[in-house]
Amino acid sequence: MAPSLVLTGARVVLPTGVVDDGRVVVEGTRITAAGAPDTGGTAAPAGAEVVDVSGHWLVPGFVDIHNHGGGGASFAGSAEEILTAVRTHRRHGTTTLVASTVTDEMDLLVRQAGLLSELAEQGDIAGIHFEGPFISPCRKGAHSEELLRDPDPAEVRKLIDAGRGRARMVTLATELPGGIDSVRLLAEHGVIAAVGHTDATYEQTVAAVDAGATVATHLFNAMPVLGHRSPGPVAALLEDERVTVELINDGTHLHPAALELAFRHAGADRVAFITDAMDAAGSGDGRYLLGPLEVEVSEGVARLVHGGSIAGSTLTLDRAFKRAVTVDGLTVRDAVTALSVNPARLLGLSGRIGSLEPGKDADLVLLDADFDLKGVLRQGEWVVTPQLP
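Analysis parameters
- Residues numbered from 1 in each chain as written.
- Predicted model: local features only at pLDDT ≥ 70, side-chain atom pairs only at ≥ 80, totals over all residues.
- Heavy atoms only, no water.
- Helix = DSSP H or I, 4+ residues; strand = E, 2+ residues; numbered from the N terminus.
- Rg over C-alpha atoms; globule rule 2.2 N^0.38 Å.
- Buried < 20%, exposed > 50% of the residue type's maximum accessible area, 1.4 Å probe, protein only.
- Contact = heavy atoms within 4.5 Å.
- Lys, Arg positive; Asp, Glu negative; His and termini not counted.
- Charge placed at Lys NZ, Arg CZ, Asp CG, Glu CD.
- Pairing = 2+ DSSP bridges.
- Axes fitted to C-alpha atoms, helices over the stretch in contact; angles between N-to-C directions.
- Salt bridge = Lys/Arg side-chain N within 4 Å of Asp/Glu carboxyl O.
- Left-handed = near helix turned anticlockwise from the far one by under 90°.
- Nonpolar A, V, L, I, M, F, W, Y, C, P; charged D, E, K, R; others polar.
- Polar contact = N/O pair within 3.5 Å; in protein donor to acceptor, adjacent residues only side chain to side chain.
- Phe/Tyr/Trp six-rings, centres within 6.5 Å; stacked < 30°, edge-to-face > 60°.
- Arc of directions from axis to C-beta.

### Digging into the overall build of the chain
- Across its full length, the chain carries 9 helices and 21 strands.
- Over its C-alpha atoms the chain spans a radius of gyration of 20 Å, differing by no more than 12% from the 21 Å that the globule rule assigns to 389 residues.
- Seen along its three principal axes, the alpha-carbon backbone of the chain occupies a region of about 60 × 45 × 40 Å.
- Going through the 389 residues of the chain one by one, you find that 57% of them count as buried.
- Residue pairs in contact within the chain that sit at least 24 positions apart in sequence constitute 67% of those at least 6 positions apart.
- Here the chain carries 31 positive and 51 negative side-chain charges, and the mean point of each set is 1 Å from the other.

Laid out in structure tokens, this is it:
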């Protein structure tokens, strides 16, 4: 067991608010106390390592529910490639990550689901998100059109079964034949049905939510624009309190006004920041593959070589957090809600992660006064050790 650790002097973001000059006590893999120094239970255990992090922020570890890879590796690769991507994002504060697939041959997706489920069982990832092949060719984005198919419930069930209980989410164009029945199937099996890469009308989207869909896959992107006569899926997903909306806060996928609209209408409690990252996240510009498609990354923006569509992102969640508070004007608490609290809730893991509370995993991120990442603790062990004065 790791020795006890006490982090003291930081601004600690708790569910009840921000505590100045706060303290977090870690014993083994768990948080045992968090709060003001004079709060009961926050005293340093005998023999504990005490680290003064004054002038910094302590926030819960980030939770990414939509991520395709990083560090030059993807979740469509080997076990070692998958772990390379996982480690890359951990170094940027993502202590819990769901591995997302992209459209491919069904047999390949089934095989990859088996590998990903093994890594989920080991605790390396928090589950699997299938983005495609059940999406609209009209809104395919960076997915191979010839591999797309209607969401036949039997095939959706095939992917769920291949995940061996580790399938967390499936993105569907629910207006396609079989879409509504597939949403009901997913809901019955405790798998999130997400509306995305869709050409649905407002009415069709309402029907999908009524059938059990609870997430909007990267709201605004890969769906019809909000129109005054045809409000489409954006209006339906924003207005329904049962839906959590994903947002890619990289400054490329969304205009700041669109992000503000989503926060203003849905509220912080219904927003989950995601990366939608591909291999180049944490790596650099160059040529990459996203599924079977070639991607060119230039100045940090990923686009298909053929067609020019945006192809995922190179975002990491520490950058999304900093942008949220320094550019978008969100409060630190709202940023924490979008990056940690809400995605943990969606995954059904709020009892273990998503906030700094006694009994939860010791997953936390240390940020300096400028909101740059300085340390990452995961289950009581440093992934990024702070270099403090």
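Continuing now.
### As for the sheet that holds strand β12 (residues 192-195)
- With parallel pairing, 8 strands are arranged side by side in an open sheet as β6-β9-β10-β11-β12-β13-β14-β15. Each of the sheet's edge strands pairs with one partner strand only, and the pair in question is β6 (62-67) and β15 (271-274).
- Sheet contacts for helix α2 (residues 106-121): β9 (94-101) and β10 (128-131); angle to β10, the most-contacted strand, approximately 160 degrees.

### Some remarks on unusual backbone geometry
- The peptide bond linking glycine 132 to proline 133 adopts the cis configuration, its omega dihedral lying at 15 degrees.
- Topologically, proline 133 is positioned in the loop between β10 and α3 (153-162).
- Positive phi, close to 60 degrees, is recorded for alanine 222, a residue that is not glycine.
- Inspection of the secondary structure assignment puts alanine 222 in the loop between β13 (215-216) and α6 (232-239).

### Overview of the environment of alanine 222
- Taking C-alpha positions, alanine 222 is 29 Å from arginine 87, a pair spaced 135 residues apart along the chain.
- Residues within four places of alanine 222 in sequence aside, it is in contact with Arg139, Gly196, His197 and Thr198.

### What to know about the pattern of salt bridges
- By the definition in use, this model includes 19 salt bridges.
- Two residues, lysine 158 and aspartate 107, come together in a salt bridge whose shortest N-O distance is 3.9 Å. Here aspartate 107 lies in helix α2 and lysine 158 lies in helix α3, a separation of 51 residues in the sequence.
- With a relative accessible area of 39%, lysine 158 lands in the partly exposed category.
- Residue aspartate 107 is classed as exposed on the basis of its relative accessible area of 54%.
- The salt bridge partner of glutamate 145 is lysine 140, with a shortest N-O separation of 3.6 Å.

### So, the packing of helix α8 (residues 317-326) against helix α9 (residues 332-346)
- Between α8 and α9, the least distance of the axes is 9 Å, while the angle of their chain directions is 145 degrees. Between α8 and α9 the crossing geometry is right-handed. Along its contact with α8, which presents Leu317, Phe321, Ala324 and Val325, the element α9 presents Val332, Ala335, Val336 and Leu339.
- Residues that form the contact of α8 with α9 fall into these classes: 8 nonpolar, no polar and no charged.

### Considerations on the environment of histidine 66
- In this fold, histidine 66 is placed in strand β6.
- Separated by 31 residues in sequence, histidine 66 and leucine 97 have C-alpha atoms that sit 7.8 Å apart.
- Here the side chain of histidine 66 touches glutamate 246 through a polar contact of 3.0 Å, side chain to side chain.

### Observations concerning the packing of aromatic side chains
- Tallying each qualifying case throughout the model produces 4 aromatic pairs.
- Judged by centre distance (5.7 Å) and plane angle (50 degrees), the rings of phenylalanine 263 and phenylalanine 273 are tilted. Taken together, the positions of phenylalanine 263 in helix α7 (residues 256-266) and phenylalanine 273 in strand β15 put the pair 10 residues apart, joining distant regions of the chain. Across the pair, exposure class does not vary: phenylalanine 263 and phenylalanine 273 are buried alike.
- A connected cluster of aromatic rings, assembled from ring pairs, spans Trp57, Phe62, Phe321 and Phe371.

### Section: α3
- Along α3, the residues classified as buried are Val156, Leu159, Ile160 and Ala162. Viewed end-on, α3 has its buried residues packed into an arc of 165 degrees, placing them on one side of the element.
- In this structure, the buried side of α3 is in contact with α2, β10, β11 (167-172) and α4 (179-188).
- You can read the cap of α3 off the contacts: a side-chain oxygen lies 3.0 Å from the backbone nitrogen of alanine 154, and it is on aspartate 152.
- Following α3 by one or two positions, arginine 164 adopts a phi angle in the positive range, close to 50 degrees.

### Focus on the side chain of aspartate 361
- Note on placement: aspartate 361 falls in the loop between α9 and β19 (364-367).
- Its relative accessible area of 5% is what places aspartate 361 among the buried residues.
- Here arginine 30 takes part through its side chain, which lies 2.4 Å from a polar atom of the side chain of aspartate 361.
- Apart from the residues within four sequence positions on either side, aspartate 361 is in contact with Thr29, Arg30, Ile31, Arg352, Ile353 and Gln379.

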